[in-house]
Amino acid sequence: MSDTDDIPQLSADTLAALSMFQAEQQEKIEQLQSGIIEKIDEDWQLSQFWYDDETSRKLVAEGVAAALEGSEARPARIGCVSSPTLVKFFHETEEYKTGQIQLTLFEFDDRFGLKFPTEFVHYDYKHPTDLPAELLAKFDVIIADPPFLAAECLIKTAHSIRLLGKSDVKVLLCTGAIMEDYASRLMAMHRTSFEPRHANNLANDFSCFANYQTLTFC
Ligand SMILES: C[S@@+](CC[C@H](N)C(=O)[O-])C[C@H]1O[C@@H](n2cnc3c(N)ncnc32)[C@H](O)[C@@H]1O
């Protein structure tokens, strides 16, 4: 009996299908890297629900204003935690283009690492302390939108935010209104008047919380 007798053999059809799948994946990776793919599709397994453009612009405007207020230090640092849609909109701001703000995206979905390689940090809220040491206590503003409406998810995300933020970090949290009590107890947050909206309507009552007096939301 030869060594290879025990190894299951794939049929020619299966091999062809596998090869086609690999080629398609490779093509997607190259398109992401080259910037051809503007929008990454929502993956509902990862609880991905993208903001609509107006919501993204309003969150980015507030994030920039909050980052530049109160401190002369430049660049001011902004962290997006599980909120990858915002990166493209931050890139469009004058403050980003002129180096007044610096951005880091903490996100689980590695497709965003292909699209934004220099600003992406792989992040899993289930391991809240797995963060690069050089980024601890560095952020002036953090905008977070955790994947699940569950106490465990918010508690762990809040743990990461506390580690990443400076002592006076300003935090915007977009999540279901039902998380209000946790947001208040974990991060002393209040519900703002701003209601984030999504490109594909969500049935949930969605809110934006802040731990400071927001500057641009009426
Ligand atoms: C409710 S969506 C928020 C997206 C936001 N509305 C946007 O448009 O950018 C949740 C985000 O959490 C990310 N996510 C999924 N699993 C995660 C995990 N284990 N740890 C951290 N983030 C995760 C998803 O990829 C997604 O970007």
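Cut-offs applied
- Residues numbered from 1 in each chain as written.
- Predicted model: local features only at pLDDT ≥ 70, side-chain atom pairs only at ≥ 80, totals over all residues.
- Heavy atoms only, no water.
- Near = heavy atom within 4 Å.
- Polar contact = N/O pair within 3.5 Å; in protein donor to acceptor, adjacent residues only side chain to side chain.
- Areas by Shrake-Rupley, 256 points an atom, 1.4 Å probe, with all protein chains shown as cover.
- 1 Å grid on protein atoms, 1.4 Å probe; cavity = no way out; pocket = protein on both sides within 12 Å on 5 of 7 lines; lining within 4 Å.
- Sits in = over half its atoms within 2 Å of the grid points.
- Salt bridge = Lys/Arg side-chain N within 4 Å of Asp/Glu carboxyl O.
- Helix = DSSP H or I, 4+ residues; strand = E, 2+ residues; numbered from the N terminus.
- Buried < 20%, exposed > 50% of the residue type's maximum accessible area, 1.4 Å probe, protein only.
- Domains from an automatic or database assignment.
- Contact = heavy atoms within 4.5 Å.
- Buried area = accessible area lost by both parts, 1.4 Å probe.
- Expected span 1.5 Å × (residues − 1).
- Arc of directions from axis to C-beta.

1. Thoughts on the site of the ligand
Moving on, step 1. Near the ligand, the surroundings consist of 18 residues, among which Q48, F49, Y51, T85 and E107 are the closest.
Moving on, step 2. Within the side chain of Q48, one N or O atom sits 2.8 Å away from an oxygen atom of the ligand.
Moving on, step 3. The side chain of D124 places a nitrogen or oxygen atom 3.0 Å from a nitrogen atom of the ligand.
Moving on, step 4. Computed on the free molecule, the ligand has an accessible area of 590 Å², of which 98% lies beneath the protein chains in the complex.
Moving on, step 5. When atoms are counted within 2 Å of each cavity's grid points, the one that captures over half of the ligand is the largest pocket.

2. So, the pattern of salt bridges
Between side chains of opposite charge, pairing is possible as soon as their charged atoms come close.
Moving on, step 1. Considering all chains together, one arrives at 9 salt bridges under this definition.
Moving on, step 2. For E54, the salt bridge goes to K58, with nearest N and O atoms at 3.0 Å. Note that E54 and K58 are positioned in helix 2 (residues 53-68) at a spacing of 4 residues, about one turn of the helix.
Moving on, step 3. Using a relative accessible area of 38% as the deciding quantity, one classes K58 as partly exposed.
Moving on, step 4. D205 is paired through a salt bridge with R191; the nearest N and O atoms lie 3.8 Å apart. Separated by 14 residues along the polypeptide, D205 in the loop between strand 6 (190-191) and strand 7 (206-210) and R191 in strand 6 bring together distant segments of the chain.
Moving on, step 5. Where salt bridges share partners, they join E180, R191 and D205 into one cluster.

3. Some points on the domain arrangement of the protein chain
By a widespread convention, an interface's size corresponds to the accessible area lost as its parts come together.
Moving on, step 1. Its domain assignment divides the protein chain into domain 1 (3-38) and domain 2 (47-210).
Moving on, step 2. Taken together, the contact pairs 5 residues of domain 1 with 4 residues of domain 2.
Moving on, step 3. Summed over both partners, the interface of domain 1 with domain 2 comes to about 460 Å²; 62% of that surface belongs to carbon and sulfur atoms.
Moving on, step 4. Considering only the surface of domain 1 that becomes buried against domain 2, L32, Q33 and E38 emerge as the three largest contributors, covering 81% of it.

4. Here we look at helix 6 (residues 151-164)
Moving on, step 1. Taking 1.5 Å of rise per residue, 14 residues should cover 20 Å, and helix 6 covers 20 Å from first to last C-alpha, within 8% of that figure.
Moving on, step 2. Looking at helix 6, one finds that the buried residues are C153, L154, T157, A158, S160, I161 and L164. Taken down its axis, helix 6 places every buried residue within 160 degrees of arc, on the same side.
Moving on, step 3. Considering only its buried residues, helix 6 is in contact with strand 1 (76-81), strand 2 (101-107), strand 4 (139-144), strand 5 (165-176) and helix 7 (180-187).

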